[in-house]
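Listed below, chain by chain, are the residues.
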Amino acid sequence: MREISKTRVEDTRNKILDIIKSPTLTHEQKVANLANAADSLMEVLDVPEGLEELLSPGIEEKCICDLFEGQAPVRPRYIIPDYAKFLKEGSEFLQLKPPTDLMEALNHLLIFYKHVPSVTNFPVYVGQLDELLEPFIDTVPEDVAKKLLKMFFVHMDRTILDSFSHANIGPKATKAGYLILEVEKELEQAVPNLTLKYDPKVTEDEFALAAVECALHSAKPSFANHEMFSKELTSEYVIASCYNGLPYGGGSYTLCRLILSNIAKRSKDLKDFKENQLPYVCDIMARYMDARIKFEVEESGFFEHNFLAKEGFIHRDRFSAMFGLVGLAECVNILMEKEGKAGKRFGHDEEANDLGVEIMDQIYAFNENHHNPYCEITGGHFLLHAQVGIAEDVNVSPGVRIPIGEEPKELVDHLLVLSRFHKYFPSGVGDIFPIDLTVHKNPEFVLDIVKGSFAKDLRYLSFYSSESDVIRITGYLVKRSEIEKLSSGQAVLQDTTALGMGAAKNGHILERKIR
Amino acid sequence: MKAVVNHILPFSSVDGPGNRTVIFFQGCNLDCKYCHNPETRNLCGHCGDCVKSCPTGALLKRENKVVYQKDKCVDCDTCIKVCKQGASPKTKEMTAKEIFAAVKKQIPFIRGITVSGGECSLYPQVVEELFVLAKEAGLSTLMDSNGMISFKEYPGLLQYTDGVMLDIKCFKEKDHIKITGHPNTMVLENAAYLAQLNKLEEVRMVIVPDLYEGKESVKKTGEFLRKFPGFEKIRIKLIAFRPMGVRKEYAHYKTPEQESLEEMRSLLQKMGFETIILI
Ligand code: SF4
Ligand code: SF4
C-alpha cells in the first residue's frame, strides 16, 4: 500500500465532517458516503502512468471518469445473482429453505436483496420477477396476490433507496407479468426500475400494450430489444441499473467512462484526435480497468468468501466489465469546429453523424483488440456502454444521445440517427422520449414506434408522459415532487433524487422535446 | 397528375389506429365556421399579400407567382395569419410518387397512412395512386373525409382504401347548411354506402353548443348508423370545439361541458357502439 500526503488526509477529514453534519443526507446516505471517504484514502491499485492527468481535473477537462468506484474495490460494481437458483434451492448462509407459496417467495426475495452488494450498496438487479413469481402466483387467490405484490413493491421502493435497482419482465406474457404491470401502474413509484424484454415475434401485443399503458403512468417499463441482446449476450442476459445488459449469474467488475468531448478539446484537429489522443486515452482507461479487475479478482477476496459466490449465486467467470463513454455529440461538434465546419452538428448533419460512426468504429475496434483475462464470458473483451451521465456533467450529453434542446424536429429523424449508434453497446445504451398526453388514448402509437425502432437496430427505449410525476432522468427514475422537496432543503428517502436534481439543473432533462 | 399538399406529418397518434403518416391536402369544398385549419380551405391566388409579412424573406414573388423557400422558413405562420383567402403560401404540388417518397422514410415505424386536409377527396386520382403504392409497401390506408364527393363513383379508390373516417357535421340538414354552407345529403348517402361496404372506420362529430343541438344530432346519427350490420365496430369520435386555430369571428364559440359530452357518450354506448372517444 502506497503512502499518501498529510493534506489529503486532512481534506478527507473535513469532507467526513461535512457528511456527518449534512442536513439533507439521510442516515443511510451518510453511512455510504462515509465509507467512500474512508476508501478514498487507499492506494492499492496498480494504475497506469498518465492516468492522474486524465482522471483528476474538473468536468470541463477530465478525459476519464471512474464514477466513484473508489480506490480499493471491495466488490464488483454490478452483481447479478441467480435468483432462480435461490428460489429453487434456498440458501444455507441465509438459512432459508425453498419457498412454497407466494408469501414466502416474496419474503425470501426481500431478505436476499439486503445481501446483494453493489457500488451503491443496493442491489442493481432484483430479478426476472415474472418468471420467478409465476410458479407461485396461483398459490393464493388473485386479489391476495395483487395485494402481496403491491406490498412487495412498496417495500422495495422504501428500502432500496436508489433507483438504479432494476427488475425485468418478458418477453412472454404471464399472469405474474400482467399483475406486476397493474400494480406498478397504480403505485407510480420510482423504485425499482423496470424493463420489458420485448420481441415482437414472441411478446403478445396485448401484453406489450399493457406495458405502454403502465409506462405512460409511471415512466416504466422501458423496452429492451430482446432479439439483439440475446444474440450478443445469449438469452442468459439481464437489464440492470440504468439499462445495462449484463450476463446472468455474474455482472460487471467495473465501469469507467471516456469523456469524449474533453478528448476532442485536447486534440489539435481531427487527425490528432483519431491518431493520437483517442487511442492514448482508450489505452490508459482500459489498463486502469484491468488494474481494478485484477485487484477485485486476485486480492479483494470477494469471490472466495462472499456467500453469493460460495453458494453459486454468482460465478466469477460470468463477470465482464463496461467500457463506457459519454459526450459523443459534443465531441463530434468540437471536432467539426476544429475542421472549420462549425455549422455541421451531430444529430442533424450527415457528415457529422458519419464522423460519429467513425469514432464509434474506432472505439469498437480498440475494444476488440484489448484483452482482459478475467472477462472470459465476453470473449476476453469489455462491453461497450453508452453511459447515462451523472449530475455533475455540464455540456456533456449521455452516451451517444443528441443533446437536449437540439433534438431533431421530427421524431422519425431522431430515431434514424440513433439507429446508427445503438448497435455498438451490448452493455447498454438508451433513449428517452416524453410523450404528449393525447397518446394515452392510443398506446398502439407508442408500440408501433417501438416495433419500428427495434427493426431498425435500436436497442432500448423509454417513454414517459409529459405530465406524470415519475420521470426518467437519464436512465433512472425520480419523482418530480421529490426533487421539489429536496431543492427546498428537505431530506428525501432516495439518493437518486439528488442526482435527478443535479441533472435537472445541468442536464436540462425537464426541457426534453415532448413527442 | 398532381395534388396540392399543405404538409405531411411523419408521425401521428390521432389519425387512425397506431402510428401513421398523414398527408394534408390543400383545398376544401365546405366552409365550416369552426374550421380549425382555415388556411387549408383554399388554393393560393398568388395575390402576394403575405410576401412582405414574412420576417425571414422565405417568400418571393416571381413572375406573378408566390414562391416559398422552405429552407428560409422558421414556421412562424405569419403568412397564414395575413392571408385573407384561407390559403397558405407554403403548399406544394406533388405527384403520388413524390408524396410516397416522403412517406417511405417512416417505414417501419408506421403501420399506415391517412389522407386528410383540407379535403383529400378533391384529389381522388392522386389518392388512389398513392394508396396503391402504400398497399404494395404493406401499409394500411385511411381517408379522413367530409364525404362531399360520391364515393360510389370511385370504386377504384375504395378498392385500395381500408376505411374512411367521415365527418358528420350535423344530422339536421338546416343546421348542416348553417355550419358548412352546404346540405348533408351526400354525406349521409356516403355514410350508408361505406357502412354497407364495412369501410366506415370512424364517424366524427365536432360538438359546438353555440351552433347546433349536439345531443339531438348525436342521437339521430347513432340511430341512422345502427341500421347497418356490424355498426358496433364503427369508432365514434366526439370532438369538443376548441377555439385554437379557429378564425377570429368564430373563436368566441363556447367549448361544450364535459358533462354533456359524457351524456352523449352514454347515449351511444346504450345503442351498442363499442368505441367512443372523447377529445
Ligand atoms: S411561416 Fe410564413 S411568414 Fe413565417 S417564415 Fe415561414 S413563410 Fe415566412
Ligand atoms: S397565401 Fe394567401 S396571401 Fe399569400 S399569396 Fe396566396 S392567397 Fe395571397
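Look a little higher up for the structure.
Residues numbered from 1 in each chain as written. Chains lettered and ligands numbered in written order. Predicted model: local features only at pLDDT ≥ 70, side-chain atom pairs only at ≥ 80, totals over all residues. Heavy atoms only, no water.

Caption draft 1: Structural view of the overall build of chain A. When its secondary structure is counted, chain A shows 20 helices and 15 strands. The globule rule puts the C-alpha radius of gyration for 515 residues at 24 Å, and the 22 Å found for chain A is close to it. Expressed as a percentage of the 515 residues in chain A, the buried residues total 60%. Taking as baseline every contact in chain A between residues at least 6 positions apart, the subset at least 24 positions apart corresponds to 78%. In the form shown here, chain A has an accessible surface area of approximately 19,900 Å², with 53% of it arising from carbon and sulfur atoms. Distance between charge centres in chain A, computed from 57 positive and 79 negative side chains, equals 2 Å. (Helix = DSSP H or I, 4+ residues; strand = E, 2+ residues; numbered from the N terminus. Rg over C-alpha atoms; globule rule 2.2 N^0.38 Å. Buried < 20%, exposed > 50% of the residue type's maximum accessible area, 1.4 Å probe, protein only. Contact = heavy atoms within 4.5 Å. Areas by Shrake-Rupley, 256 points an atom, 1.4 Å probe, with all protein chains shown as cover. Lys, Arg positive; Asp, Glu negative; His and termini not counted. Charge placed at Lys NZ, Arg CZ, Asp CG, Glu CD.)

Caption draft 2: Just the site of ligand 1, in detail. Taken together, 14 residues lie around ligand 1, and Cys54(B), Cys73(B), Cys76(B), Asp77(B) and Cys79(B) are the ones closest in. By residue class, the composition of the shell around ligand 1 is nine nonpolar, two polar and three charged. (Near = heavy atom within 4 Å. Nonpolar A, V, L, I, M, F, W, Y, C, P; charged D, E, K, R; others polar.)

Caption draft 3: Here's a closer look at unusual backbone geometry. Residue and element names in this part refer to chain A. A cis geometry characterises the amide bond from Val191 onward to Pro192, with omega recorded as -5°. With respect to the helices and strands, Pro192 occurs in the loop between α8 (175-187) and β5 (193-198). Positioned with a positive phi, Leu67 is a non-glycine residue whose angle comes to about 50°. A residue is classified by how much of its surface remains accessible, and Leu67, at 3% relative accessible area, is buried. In the Ramachandran plot, Ser241 falls in the positive-phi region, its phi being about 50° despite a non-glycine side chain. You can see Ser241 is positioned in the loop between β7 (237-240) and β8 (244-247). When its relative accessible area of 3% is taken as the criterion, Ser241 is described as buried.

Caption draft 4: Local environment of the sheet that holds strand β13 (residues 460-465) of chain A. All names here are of chain A. If you trace the six strands from one edge of the open sheet to the other, you get β3-β4-β5-β6-β13-β12, paired in mixed fashion. Of all the strands in the sheet, just β3 (125-128) and β12 (431-435) have a single pairing partner and so form its edges. The mean angle between the axes of side-by-side strands here comes to 25°, regardless of whether they run parallel or antiparallel. Sheet analysis places β3 next to strand β4 (residues 166-169), joined by three bridges and oriented parallel. Its bridge partner lying in β4, Gly127 is registered against Ala167. (Pairing = 2+ DSSP bridges. Axes fitted to C-alpha atoms, helices over the stretch in contact; angles between N-to-C directions.)

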